[in-house]
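Listed below are the residues making up each chain.
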Amino acid sequence: MTQDIDFRRSVVYQIYPRSFADSNGDGVGDLPGIIQHLDYIADLGVTDIWLSPIYASPNDDNGYDISDYRAIMAEFGTLDDFDRLVHEAQKRGLRIIMDLVVNHTSDEHEWFQQSRSSRDNPYRDYYIWRDPSGYTTEGKPIPPNNWISCFSPSAWEWDEPTQQFYLHLFSTKQPDLNWDNPKVRAEVYDLMRFWLDRGVSGFRMDVINAISKDPEFPDDPRVTAGGRESSLYLIANGPRVHEFLREMRREVLDDYSTLTVGETPDTTVADGLAYAGFNRGELNMVFTFEHMMLDGNPDGYGKWWDGKVDVPTLKQNLAHWQEGLAGKAWNSLYWNNHDQPRVVSRFGDDSPQWRVTSATMLATTLHMMCGTPYIYQGEEIGMTNVAFPELSDYDDIEQRNAYAQYVDKAKIFSHEQMMHYIHARGRDNARTPMQWSATKNAGFSTGTPWLKINPNYRELNAERDVADPRGVYQYYQRLIELRKKYPVIIDGDFQLLSPDDPYTFSYLRRTKTDTLLVTSNFTEHERSVAVDSNPGYRLILSNYEDKEKTTPESPLRGYETRVWLAST
Ligand code: GLC
Ligand code: CA
């Protein structure tokens, strides 16, 4: 058995390759583009790069629909480019983590092509096929149950030639694999080895807690009651998921040194312990979604809303994970990824006056907690949400489907309302191209970018931010340096202070010898914080300049954050 990567000391940088850097002017980011910017990533001080999917794909869901697990998407480059990327990353002390998307494949994958070709094809059982539950009076087949998919009204798609439905939790072009079939699992383990043998250092596992389905396929009671949200909550954490993950560890991961993180929507702290417990033999950590769901629609229409999060609810939720996993499992720490709006716009203030201050405040609040921090491309320069005027300015399938359901079909939201919600929560907020410079197309591409650039790139870009000692990038560098310098950031326990204070987020981290105090103001107004004075406290980081006059008790100015350390 090989030792895992020291994931407790990792800092992961996530790249969404399509939007990162385009080296050949076709408007689409690519692997050579990533290679050109490796120094930029390494200089941040991170240890690992997680690449969103780079496999062959028809891009119904931008690479999360894979048609060949052993090929690179043609637009992104070749296997040679990939080998060069791994090599160039290694030279800079960076490991490459791949996205493992194995809850489903593309419908264009060879396995599905075979599977749908006839009922007795050897690949039939690679996917989940079911007879209709009946027929309407007009003779239309009725799906096996009422499950709603994440990207379309029904989770079942009728296949005319073989007269059965197949299950797809996401788009109709993303059929779910049948993990109960041992052949499917063997295929997955095999493709994992293919990439590990090529120098990959682990996996971020896409909706990995959805791989095991309840064989009864029960109706979704929320849908029965008229709900419109997806049935993923019901399907997640199914009966055999832990068995499968342990098998995966035994069959594959134990032979390599890896970092593994599961994307696990609809998981509680108890689930987190089950997936990522130190002695469970499953994953190193999971991505909780709980703190990302707190500002959702109050009437049960999913994430489509534009209200601000309640600060006590947010910090209490994060504290619940910090305390719940302490000493037993490991947390991942994130505000952003390719599915979430930009955090500075969401939990901070992206106006010119407060953008940098609130971005650095949020970064500090996150990075000083216990866990492995994830930084999503552009977060390290404080990139913001975007508000394109037309639906046609956008690409994301989730946004398009939500618009079709809530505006066109159910008429629950007006066009204006829905555009407002897309501006606040849509996934394309994270996917507009990386803003490298003030030149044409933000230096992302010399051609026409696949998705429009955020018009604020002339003021907000990496070239400008990196050069600014008061910018966001250099601040992230300092955060990562602190983590390397002070073991209390890795090892300390966690205690939330003033859990009900509506404006500030403060906590302690403690080891036998050190106490770290983090205080952050989530508003633009001056706020006081109640803290136990410790004469030994010295300020080790702050996002305001005049450090000398400050004490732990002095009120926090707008979006101010401070990190104090006392050692015995
Ligand atoms: C995960 C991915 C998301 C994708 C979905 C289906 O949630 O992060 O981008 O659409 O899985 O693969
Ligand atoms: Ca390109």
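Everything numeric here is computed off the predicted structure, so don't read it as measured data. (Residues numbered from 1 in each chain as written. Chains lettered and ligands numbered in written order. Predicted model: local features only at pLDDT ≥ 70, side-chain atom pairs only at ≥ 80, totals over all residues. Heavy atoms only, no water.)

Quick notes on the packing of helix 13 (residues 397-409) against helix 14 (residues 415-425)
Turning to step 1, where the next piece is worked out: Where helix 13 meets helix 14, the axes come as close as 11 Å, and the angle between the chain directions of the two elements is 150 degrees. With respect to helix 14, the element helix 13 is oriented roughly antiparallel. Taken as a pair, helix 13 and helix 14 cross one another with a handedness that is right-handed. Across the interface between the two elements, Q399, A402, Y403, Y406 and V407 from helix 13 touch H415, M418 and I422 from helix 14.
Turning to step 2, where the next piece is worked out: Here the contact of helix 13 with helix 14 is built from residues that sort into six nonpolar, two polar and no charged. (Axes fitted to C-alpha atoms, helices over the stretch in contact; angles between N-to-C directions. Helix = DSSP H or I, 4+ residues; strand = E, 2+ residues; numbered from the N terminus. Parallel < 35°, antiparallel > 145°, perpendicular 65-115°, else oblique. Left-handed = near helix turned anticlockwise from the far one by under 90°. Contact = heavy atoms within 4.5 Å. Nonpolar A, V, L, I, M, F, W, Y, C, P; charged D, E, K, R; others polar.)

A look at the domain arrangement of the protein
Turning to step 1, where the next piece is worked out: Segmenting the protein into domains produces domain 1 (8-101 + 331-386 + 432-485), domain 2 (110-167), domain 3 (182-330) and domain 4 (491-567).
Turning to step 2, where the next piece is worked out: Taking only C-alpha atoms into account, the centre of domain 3 sits 32 Å from that of domain 4.
Turning to step 3, where the next piece is worked out: Listed per partner, the contact involves nine residues of domain 3 and ten residues of domain 4.
Turning to step 4, where the next piece is worked out: Together, the buried faces of domain 3 and domain 4 total about 860 Å²; carbon and sulfur atoms form 68% of this surface.
Turning to step 5, where the next piece is worked out: Broken down residue by residue, the surface that domain 3 buries against domain 4 is led by V311, K315 and Q322, which jointly contribute 54%.
Turning to step 6, where the next piece is worked out: The interface formed by domain 3 and domain 4 contains zero salt bridges. (Domains from an automatic or database assignment. Buried area = accessible area lost by both parts, 1.4 Å probe. Salt bridge = Lys/Arg side-chain N within 4 Å of Asp/Glu carboxyl O.)

Examining the sheet that holds strand 5 (residues 95-100)
Turning to step 1, where the next piece is worked out: Read across the sheet, eight strands follow the order 13-12-11-5-2-1-15-14 without closing on themselves; strand pairing throughout is parallel. Among the strands making up the open sheet, the edge pair consists of strand 13 (285-287) and strand 14 (332-333).
Turning to step 2, where the next piece is worked out: With three bridges connecting them, strand 1 (residues 12-15) and strand 15 (residues 372-376) associate as parallel partners. The residue bridging V12 from the neighbouring strand is Y374, located in strand 15. (Pairing = 2+ DSSP bridges.)

Section: empty space enclosed by the protein
Turning to step 1, where the next piece is worked out: This model, assessed by the stated rule, comprises four cavities of 30 Å³ or more.
Turning to step 2, where the next piece is worked out: One number sums up the size of the largest cavity: a volume of about 70 Å³.
Turning to step 3, where the next piece is worked out: Forming the walls of the largest cavity are T288, H291, L318, W321, Q322, N331, S332, L333, Y334, L366 and M369.
Turning to step 4, where the next piece is worked out: Breaking the lining of the largest cavity down by element, the ones donating at least two residues are helix 10 (311-325) and strand 14.
Turning to step 5, where the next piece is worked out: Across the lining of the largest cavity, the residue classes break down as six nonpolar, five polar and no charged.
Turning to step 6, where the next piece is worked out: Considering only enclosed or pocket space, the second largest cavity measures out at about 60 Å³ in volume.
Turning to step 7, where the next piece is worked out: Around the second largest cavity sit N336, R342, V343, V344, A359, E379, G382, M383 and Y476, which together line it. (1 Å grid on protein atoms, 1.4 Å probe; cavity = no way out; pocket = protein on both sides within 12 Å on 5 of 7 lines; lining within 4 Å. Points joined across faces, edges and corners; volume = space filled by probe spheres on them.)

What to know about the site of ligand 1
Turning to step 1, where the next piece is worked out: Around ligand 1 there are 13 residues in total, and D61, D206, E263, H338 and D339 lie nearest to it.
Turning to step 2, where the next piece is worked out: In isolation ligand 1 offers 310 Å² of accessible surface; the protein chains occlude 96% of this area.
Turning to step 3, where the next piece is worked out: In terms of residue class, the shell around ligand 1 is made up of three nonpolar, three polar and seven charged.
Turning to step 4, where the next piece is worked out: Counting only domains with at least three residues in the shell around ligand 1, you end up with domain 1 (8-101 + 331-386 + 432-485) and domain 3 (182-330). (Near = heavy atom within 4 Å. Areas by Shrake-Rupley, 256 points an atom, 1.4 Å probe, with all protein chains shown as cover.)

Observations concerning the sheet that holds strand 10 (residues 164-167)
Turning to step 1, where the next piece is worked out: Across the sheet, three strands lie side by side as 6-10-9; this open sheet has antiparallel pairing. Two strands in the sheet have a free side with no partner beyond their single neighbour: strand 6 (129-130) and strand 9 (156-159).
Turning to step 2, where the next piece is worked out: With two bridges connecting them, strand 6 and strand 10 associate as antiparallel partners. Across the sheet, the residue bridging to W129 is Y166, located in strand 10.

Notes on the side chain of T515
Turning to step 1, where the next piece is worked out: Inspection of the secondary structure assignment puts T515 in strand 18 (residues 514-521).
Turning to step 2, where the next piece is worked out: When residues no more than four places from it in sequence are discounted, the contact partners of T515 are L508, R509, R510, Y537, W564, L565 and A566.

A look at the packing of helix 9 (residues 269-276) against helix 10
Turning to step 1, where the next piece is worked out: Orientation of helix 9 relative to helix 10, taken along the N-to-C sense of each, is 45 degrees, at an axis distance of 10 Å. Taken together, the axis directions place helix 9 and helix 10 in an arrangement best described as oblique. Judged by the twist between their axes, the crossing of helix 9 over helix 10 is right-handed. Residues V269, G272 and L273 of helix 9 pack against H320, W321, G324 and L325 of helix 10.
Turning to step 2, where the next piece is worked out: A breakdown of the residues in the contact of helix 9 with helix 10 according to their chemical character gives four nonpolar, three polar and no charged.

Some thoughts on the nonpolar core
Turning to step 1, where the next piece is worked out: Among the nonpolar cores identified, the biggest contains 143 residues, and Y13, I41, L51, F82, M192 and F203 are the most heavily contacted of them.
Turning to step 2, where the next piece is worked out: Core analysis: the second largest hydrophobic core is formed by 17 residues, F165, L167, F217 and L232 among them. (Core = buried A, V, L, I, M, F, W, Y, C linked by side-chain atoms within 4.5 Å. Buried < 20%, exposed > 50% of the residue type's maximum accessible area, 1.4 Å probe, protein only.)

Things to note about the pattern of salt bridges
Turning to step 1, where the next piece is worked out: Throughout the structure, instances matching the rule amount to 39 salt bridges.
Turning to step 2, where the next piece is worked out: The residue K173 makes a salt bridge to E108 at a minimum N-O spacing of 2.7 Å. Of this pair, K173 sits in the loop between strand 10 and helix 5 (182-197) while E108 sits in the loop between strand 5 and helix 4 (110-115); the two residues are 65 residues apart in sequence, bridging distant segments of the chain.
Turning to step 3, where the next piece is worked out: What makes K173 partly exposed here is its relative accessible area of 21%.
Turning to step 4, where the next piece is worked out: Residue E108 is classed as partly exposed on the basis of its relative accessible area, which comes to 40%.
Turning to step 5, where the next piece is worked out: Close ionic contact of R240 with E243 constitutes a salt bridge, the shortest N to O distance being 2.8 Å.
Turning to step 6, where the next piece is worked out: When its relative accessible area of 27% is taken as the criterion, R240 is described as partly exposed.
Turning to step 7, where the next piece is worked out: A network of salt bridges, in which partner residues are shared, links D61, K303, D339, D396, E398, R427 and R431.

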